[in-house]
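# Structure at a glance
So you can see what is in the structure, the chains are spelled out below.
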Amino acid sequence: METPARTLQPSRLMPQPLHLIALVATLPLFLGALMADIAYGRSEQIQWTNFASWLLVGAQVMATIALLLAAIDHLRGRRMARGGLYLLLLAVAWVLGLVNNFVHAMDAFQKMPQATICSLLCTLIVLGLVWWAFWGHRMGRAPA
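The following paragraphs examine the structure supplied in this document. (Residues numbered from 1 in each chain as written. Predicted model: local features only at pLDDT ≥ 70, side-chain atom pairs only at ≥ 80, totals over all residues. Heavy atoms only, no water.)

Orientation of helix α2 (residues 17–43) relative to helix α5 (residues 114–135), taken along the N-to-C sense of each, is 155°, at an axis distance of 9 Å. Taken as axis vectors, α2 and α5 run roughly antiparallel relative to one another. As α2 packs across α5, the resulting crossing turns out to be left-handed. Along its contact with α2, which presents L20, L23, V24, T26, L27, F30, L31, A33, L34, D37 and I38, the element α5 presents A115, T116, S119, L120, C122, T123, V126, L127, L129, V130, A133 and F134. Broken down by class, the residue content of the contact of α2 with α5 amounts to 18 nonpolar, four polar and one charged. (Axes fitted to C-alpha atoms, helices over the stretch in contact; angles between N-to-C directions. Helix = DSSP H or I, 4+ residues; strand = E, 2+ residues; numbered from the N terminus. Parallel < 35°, antiparallel > 145°, perpendicular 65-115°, else oblique. Left-handed = near helix turned anticlockwise from the far one by under 90°. Contact = heavy atoms within 4.5 Å. Nonpolar A, V, L, I, M, F, W, Y, C, P; charged D, E, K, R; others polar.)

Shown next, in the form of structure tokens:
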């Protein structure tokens, strides 16, 4: 007797809606901080670094909410496909965002180019996580 094929349940593979909202909200905040860092590097107008600092605070708040919700989902057994790696990458983005906040606390032009590099890495990681959360579950892989 054959066992039925294991079916993928999208509701089990996708994160909760509040988690998705928090995750997606981090992307424009990190992207805005990256653009403000680039503008500061080109113009040396101190207001750009103030904009980047505030955008990073918002991104860190939203990333904290997303990380907590992902950890709760993971502990409750409601995991996405390869959820452990997803949670690890989200934690890396959170730590890198915290480091980026500390870098932005430096004096004026002393923070360049570290601030831009940290903002770029945060943006790329969160962009990958957003892609994974929305479209990664369609890869046809069974949940981890």
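From this point, the discussion proceeds with the structure in view.
Relative to the helices and strands, A108 is located in the loop between α4 (83–104) and α5. When the C-alpha atoms of A108 and Y40 are compared, they prove to be 9.7 Å apart, with 68 residues separating the residues in sequence.

Bringing helix α3 (residues 46–75) into the picture now. Between its first and last C-alpha atoms α3 spans 43 Å; for 30 residues at 1.5 Å apiece the expected length is 44 Å, and the two agree. Considered for burial, the residues of α3 that qualify are T49, A52, L56, A59, Q60, A63, A66, L67, A70 and D73. Within two residues after α3, G77 carries a phi angle of roughly 85°, on the positive side. (Expected span 1.5 Å × (residues − 1). Buried < 20%, exposed > 50% of the residue type's maximum accessible area, 1.4 Å probe, protein only.)

Before going further, it helps to examine α2. Along an α-helix, residues three or four positions apart point the same way, because every turn accommodates 3.6 residues. The terminal C-alpha atoms of α2 lie 40 Å apart, and with 27 residues this matches the ideal 39 Å at 1.5 Å per residue to within 8%. Looking one or two places after α2, you find E44, whose phi comes out positive at around 60°.

A word on the environment of L67. Mapped onto the elements of the fold, L67 is located in helix α3. For L67, a relative accessible area of 18% puts it in the buried group. Taking the C-alpha atoms as reference, L67 lies 9.5 Å from A93; in sequence the two are 26 residues apart. Those residues in contact with L67 that sit more than four places away from it in its chain are L87, L90, A91 and W94.

Function cannot be inferred from these measures alone, as they are strictly geometric.
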